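Here are the chains, one letter per residue:
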Amino acid sequence: LGYITLFGEEFCYEDSPYVVQTQSAFGLDNADLTLDKLFCDLARDWIKVKGKVNSQVKTWSVEYDSREVPDTCFDGKSRGEIGLEYVSQMWDAYDSSPKFAFLNALAAHDYSLDAAHSLLGAENYD
């Protein structure tokens, strides 16, 4: 149909038991733009920086931007900021093409916060 497509998760879903992207009948791996490689590279860098290279830490389980690990994801930015910036850059780069973007926001899956804080996180995405 001529759309520029983006599929994004705000974490590295490589080998994750919690996602079905690699098993999808809809060909999500055929999206023009994705965020998985970016977040996998960031997760691998985090594992190196934290000295956990020989540990059992999986790239999909790297935590930041949470109550337990308040570190930002990269360069003072949260995962959400990085994902939304990527979508915004896609819109600017392909201004005359039709676009479709799906960004699965982790803020919607953070059940450690009370409802008031979850609402504030959702408003930031809106």
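Predicted, not measured: the structure shown is a model, and the values here were computed from it.

Analysis parameters
- Residues numbered from 1 in each chain as written.
- Predicted model: local features only at pLDDT ≥ 70, side-chain atom pairs only at ≥ 80, totals over all residues.
- Heavy atoms only, no water.
- Disulfide = S-S within 2.5 Å.
- Helix = DSSP H or I, 4+ residues; strand = E, 2+ residues; numbered from the N terminus.
- Buried < 20%, exposed > 50% of the residue type's maximum accessible area, 1.4 Å probe, protein only.
- 1 Å grid on protein atoms, 1.4 Å probe; cavity = no way out; pocket = protein on both sides within 12 Å on 5 of 7 lines; lining within 4 Å.
- Points joined across faces, edges and corners; volume = space filled by probe spheres on them.
- Nonpolar A, V, L, I, M, F, W, Y, C, P; charged D, E, K, R; others polar.

**Examining the state of the cysteines**
Note: disulfide means a covalent bond formed between the sulfur atoms of two cysteine side chains.
Piece 1. As enumerated under the stated definition, the model contains one disulfide in all.
Piece 2. The partner cysteine of C12 in its disulfide is C40, sulfur to sulfur 2.0 Å. Between C12 and C40 the disulfide shows an S-S torsion of about 80°. By sign, it is right-handed. Here the residue C12 occupies a position in the loop between β1 (4-9) and β2 (33-34), and C40 occupies one in helix α1 (residues 36-49), the gap between them amounting to 28 residues.
Piece 3. Take C40: its relative accessible area is 4%, and that puts it in the buried class.

**Overview of empty space enclosed by the protein**
Piece 1. By the definition in use, this model includes one cavity of 30 Å³ or more.
Piece 2. Of the voids in this model, the largest cavity is the one considered here, and its volume is about 40 Å³.
Piece 3. Lining of the largest cavity is provided by F11, C12, F39, A43, T59, W60, V62, Y64 and R79.
Piece 4. Split by residue class, the lining of the largest cavity holds seven nonpolar, one polar and one charged.

**With respect to the environment of E63**
Piece 1. With respect to the helices and strands, the residue E63 is situated in the loop between α1 and α2 (79-93).
Piece 2. Taking C-alpha positions, E63 is 9.3 Å from W46, a pair spaced 17 residues apart along the chain.

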